[in-house]
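Secondary and tertiary structure notes
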Amino acid sequence: MATLSAERPSPTGLTGLRLRNFRLFADTGLLDLPAITVLFGANSSGKSTLLRAPLLLRDLAAEYAPRDDVSLTGADYDFGTFRDLVSRGEIARTLS
């Protein structure tokens, strides 16, 4: 079962995000997202994952029904298969 969660959005947008077992992140802890956020880091350090995860969350919130399969491909992202998405390819992990 895959679950993505975010802090309750404020009227101005998303205020926080936490990723667990999501690609290279075992657990980010709660990441506060102030009005202006700039991400720096080496290649393959997770910058684009942090930017694309809320897009998947947005689509899940708009279209997901509890009995539906979760599509990991959308107009703005393509996470591949669940094995590609879950941290270290360990499919027994719960994605959240």
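Okay, so let's go over this structure. The numbers attached to residues start from 1 for each chain and follow its sequence in the written order. Only residues with pLDDT of at least 70 are given local features in this predicted model, and only at 80 or more are side-chain atom pairs given and counted; all residues enter the totals for whole chains, interfaces and linings. With hydrogens and water stripped out, all remaining heavy atoms of the structure feed into the side-chain values.

Side note on the nonpolar core
Using the following cut-off: Here the nonpolar core consists of buried residues drawn from Ala, Val, Leu, Ile, Met, Phe, Trp, Tyr and Cys, with membership extended through side-chain atoms lying within 4.5 Å. Burial classes follow relative accessibility: with a 1.4 Å probe on protein chains only, a residue under 20% of its type's maximum area counts as buried, one over 50% as exposed, and anything between as partly exposed. Throughout, a residue-residue contact means that at least one pair of heavy atoms, one from each residue, lies within 4.5 Å.
Ranked by internal contacts, the top residues of the largest apolar core, which has 13 residues, are Leu19, Phe22, Leu56, Leu72, Phe79 and Leu85. The residues contacting Leu72, other than those within four sequence positions of it, are Leu56, Tyr77, Asp78, Phe79, Gly80, Thr81, Phe82 and Leu85.

Looking at the pattern of salt bridges
Counted only if it meets this: The term salt bridge refers to a pairing of a side-chain nitrogen on Lys or Arg with a carboxyl oxygen on Asp or Glu at a separation within 4 Å. Counting from the N terminus, the helices are DSSP H or I runs at least four residues long and the strands are E runs at least two residues long.
In the structure shown here, the tally under the stated rule is 4 salt bridges. We note a salt bridge from Arg58 to Asp76, for which the minimum N-O separation is 2.9 Å. Of this pair, Arg58 sits in helix 1 (residues 47-63) while Asp76 sits in the loop between strand 6 (73-74) and strand 7 (77-78), placing them 18 residues apart in sequence. For Arg58, a relative accessible area of 40% corresponds to the partly exposed category. Residue Asp76 is classed as partly exposed on the basis of its relative accessible area of 43%. Salt-bridge contacts for Arg93 lead to Glu90; the nearest nitrogen and oxygen are separated by 2.8 Å. Taken together, the shared-partner salt bridges connect Arg58, Asp59 and Asp76 into one network.

Here's the deal with the packing of aromatic side chains
To be explicit about the condition: Classification of ring pairs uses Phe, Tyr and Trp, with its six-membered ring standing for Trp, and accepts pairs whose centres are within 6.5 Å; under 30 degrees between planes counts as stacked, over 60 as edge-to-face, and the remaining range as tilted.
Summed over the entire model, instances satisfying the criterion amount to 2 aromatic pairs. With a centroid separation of 5.3 Å and an interplanar angle of 80°, the aromatic rings of Phe22 and Phe79 are classed as edge-to-face. Of the two residues, Phe22 is situated in strand 3 (residues 20-22) and Phe79 in the loop between strand 7 and helix 2 (82-85); the sequence distance between them amounts to 57 residues. Taking relative accessible area as the criterion, Phe22 reaches 0% and is therefore assigned buried. For the pair Tyr77 and Phe79, a centre-to-centre distance of 5.6 Å together with 35° between the ring planes defines the contact as tilted. As far as the burial class goes, Tyr77 and Phe79 line up, both buried. Counting every residue linked through ring pairs, the aromatic cluster contains Phe22, Tyr77 and Phe79.

Let's talk about the environment of Arg23
So the rule is basically this: Pairs of N or O atoms are called polar contacts if they sit within 3.5 Å, as long as, within protein, a hydrogen donor faces a hydrogen acceptor (for residues adjacent in sequence, only side-chain-to-side-chain pairs).
You can see Arg23 is positioned in the loop between strand 3 and strand 4 (25-27). Counting along the chain gives 63 residues from Arg23 to Val86, while the straight-line C-alpha distance between them is 5.1 Å. In terms of polar contacts, Arg23 uses its side chain to reach the side chain of Thr49, at 3.1 Å.

That's the geometry; what it means functionally is another story.
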